[in-house]
Amino acid sequence: MIENRSVPSATVIPVLSYEDVRQASDWLCDVFGFRERLRIGSHRAQLLFGESAVILTERGAGQVSATSNATHSVHVRVADVHAHHEHAKQRGARILHAPEDHPFGERQYTAEDLGGHIWTFSQSIADVAPETWGGTLITPQ
């Protein structure tokens, strides 16, 4: 996998949704010892804890399934999104969003598992400075 300044280097990243992302970020940093890595407006943030990461998103922003009221999802970094997507589709995963390239240097697809959990699989396709698409880098990796 290539490195991309717009995404944490962790391979598996939980995505948690909150009513107020800024308040949640401040609380998690103060109370649990996370460090804010990146802020995207007031609707998204990336936090670090050691070699691990968590993404915070505004409640509702990550709810891509009509059957799910999820307050969390899982973000997984893979080497080849297209191959992963094809394999998952052939094995019966419910694909919610086909692979798509994003301006923050990631190619992603989203699926729902048999338990209704949301998974986004992401491949870094470019090293993109967060400032070029509206992010604010807080803590360098």
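Residues numbered from 1 in each chain as written. Predicted model: local features only at pLDDT ≥ 70, side-chain atom pairs only at ≥ 80, totals over all residues. Heavy atoms only, no water.

J.: Just checking my understanding: could you explain the overall build of the protein chain for this structure?
T.: Across its full length, the protein chain holds two helices and nine strands. Listed by position from the N terminus, the elements making up the protein chain come as β-α-β-β-β-β-α-β-β-β-β. The C-alpha radius of gyration computed for the protein chain amounts to 15 Å, which stays within 12% of the reference 14 Å derived for 141 residues, consistent with globular compactness. Once the C-alpha set of the protein chain is aligned to its principal axes, its extents read approximately 45 × 30 × 25 Å. Out of the 141 residues belonging to the protein chain, those deemed buried represent 40%. Contacts in the protein chain between residues far apart in sequence, at least 24 positions, make up 60% of those at least 6 positions apart. For the protein chain, the computed accessible surface area is about 7,700 Å², with 53% contributed by carbon and sulfur atoms. Here the protein chain contributes 12 positively and 17 negatively charged side chains, and the mean placements of these two sets differ by 2 Å. (Helix = DSSP H or I, 4+ residues; strand = E, 2+ residues; numbered from the N terminus. Rg over C-alpha atoms; globule rule 2.2 N^0.38 Å. Buried < 20%, exposed > 50% of the residue type's maximum accessible area, 1.4 Å probe, protein only. Contact = heavy atoms within 4.5 Å. Areas by Shrake-Rupley, 256 points an atom, 1.4 Å probe, with all protein chains shown as cover. Lys, Arg positive; Asp, Glu negative; His and termini not counted. Charge placed at Lys NZ, Arg CZ, Asp CG, Glu CD.)

J.: What exactly am I supposed to notice about the nonpolar core here?
T.: General note: in soluble globular proteins, nonpolar side chains tend to be found buried as a group. Counting eight residues, the largest nonpolar core is built from Val74, Val76, Val78, Val81, Ala88, Tyr109, Ala111 and Phe121. Only strand E5 (72-77), helix H2 (81-90) and strand E7 (106-112) provide two or more residues apiece to this core. What phenylalanine 121 contacts, discounting residues up to four positions off in sequence, is Val76, Val78, Val81, His84, Arg107, Gln108 and Tyr109. Judged by nonpolar contacts, the second largest core, of seven residues, contains Leu28, Ala45, Leu47 and Val54. (Core = buried A, V, L, I, M, F, W, Y, C linked by side-chain atoms within 4.5 Å.)

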